[in-house]
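# Close look at the chain arrangement
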Amino acid sequence: MEYTGKALTPDMDDFESEKRARKVLNLPMGDLVYCPSLIQKEFISIQSYSYEEKGKDKNKYCVVSVLDENGNRVRIHRDCLADMQKWRT
């Protein structure tokens, strides 16, 4: 399922599923960004994202597929994407 990278509001049609997805991925409810280069620290807005769980049992992790504002699709580990949301402040 494809989720929006924009801030969540209670009047959205699929608010509950969006909220659950962000909770699983440990992401904030506001606009999402990612940083393609840790050296430049330039943040790019996320238009949409989807995720899939990989591995089994103790080795389970999530990979997030991000579509950015430039039309590029990038795959990022869930924890890295969550950390990027904290770096921008």
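Residues numbered from 1 in each chain as written. Predicted model: local features only at pLDDT ≥ 70, side-chain atom pairs only at ≥ 80, totals over all residues. Heavy atoms only, no water.

## A closer look at the overall build of the chain
The cut-off we apply is this: Put simply, DSSP marks the helices as runs of H or I at least four residues long and the strands as runs of E at least two long, and each gets a number from the N terminus on. When we talk radius of gyration, it's over C-alpha atoms, and the globule rule is simply 2.2 Å times the number of residues to the 0.38. The buried label applies to any residue whose accessible area, calculated with a 1.4 Å probe on protein chains only, is under 20% of its type's maximum; exposed applies above 50%, and partly exposed to all values in between. What makes two residues a contact is simply this: any of their non-hydrogen atoms within 4.5 Å. All accessibility values rest on the Shrake-Rupley procedure with a 1.4 Å probe; residue burial counts only the protein chains present in the view. Neither His nor the chain ends contribute to the count of charged residues, in which Lys and Arg are positive and Asp and Glu negative. A charged residue contributes its charge at one atom only: NZ of Lys, CZ of Arg, CG of Asp or CD of Glu.
Of regular secondary structure, the chain possesses 2 helices and 5 strands. Order of helices (α) and strands (β) in the chain, N terminus to C terminus: β-α-β-β-β-β-α. Here the C-alpha atoms of the chain give a radius of gyration of 13 Å, agreeing with the 12 Å that 2.2 N^0.38 yields for 89 residues. Classification of the 89 residues of the chain by burial places 35% in the buried group. Look at the contacts in the chain between residues 6 or more apart in sequence, and 43% of them connect residues 24 or more apart. When the accessible surface of the chain is split by element, carbon and sulfur atoms take 48% of a total near 5800 Å². In the chain, which carries 15 positive and 15 negative side-chain charges, the distance between the mean positions of the two groups comes to 7 Å.

## Quick look at the pairing of strand E4 (residues 61-68)
As a reminder of what qualifies: Paired strands are those between which DSSP finds at least two bridges.
Counting buried residues along E4, 6 of its 8 residues qualify, which places the element largely inside the surrounding structure. Where strand E3 (residues 44-54) meets E4, 8 bridges bridge the pair, whose relative direction is antiparallel. Within E4, the residue paired with Ser 48 across the bridge is Leu 67. Inspection of the sheet shows E4 paired to strand E5 (residues 73-77) by 5 bridges, in the antiparallel sense. Residue pairing in the sheet places Leu 67 in a bridge with Arg 73 of E5. Counting the residues in the hairpin turn of E4 and E5 gives 4 residues, including Gly 71, whose phi is positive at 90 degrees.

Note that all results are geometric; they support no functional claim without further evidence.
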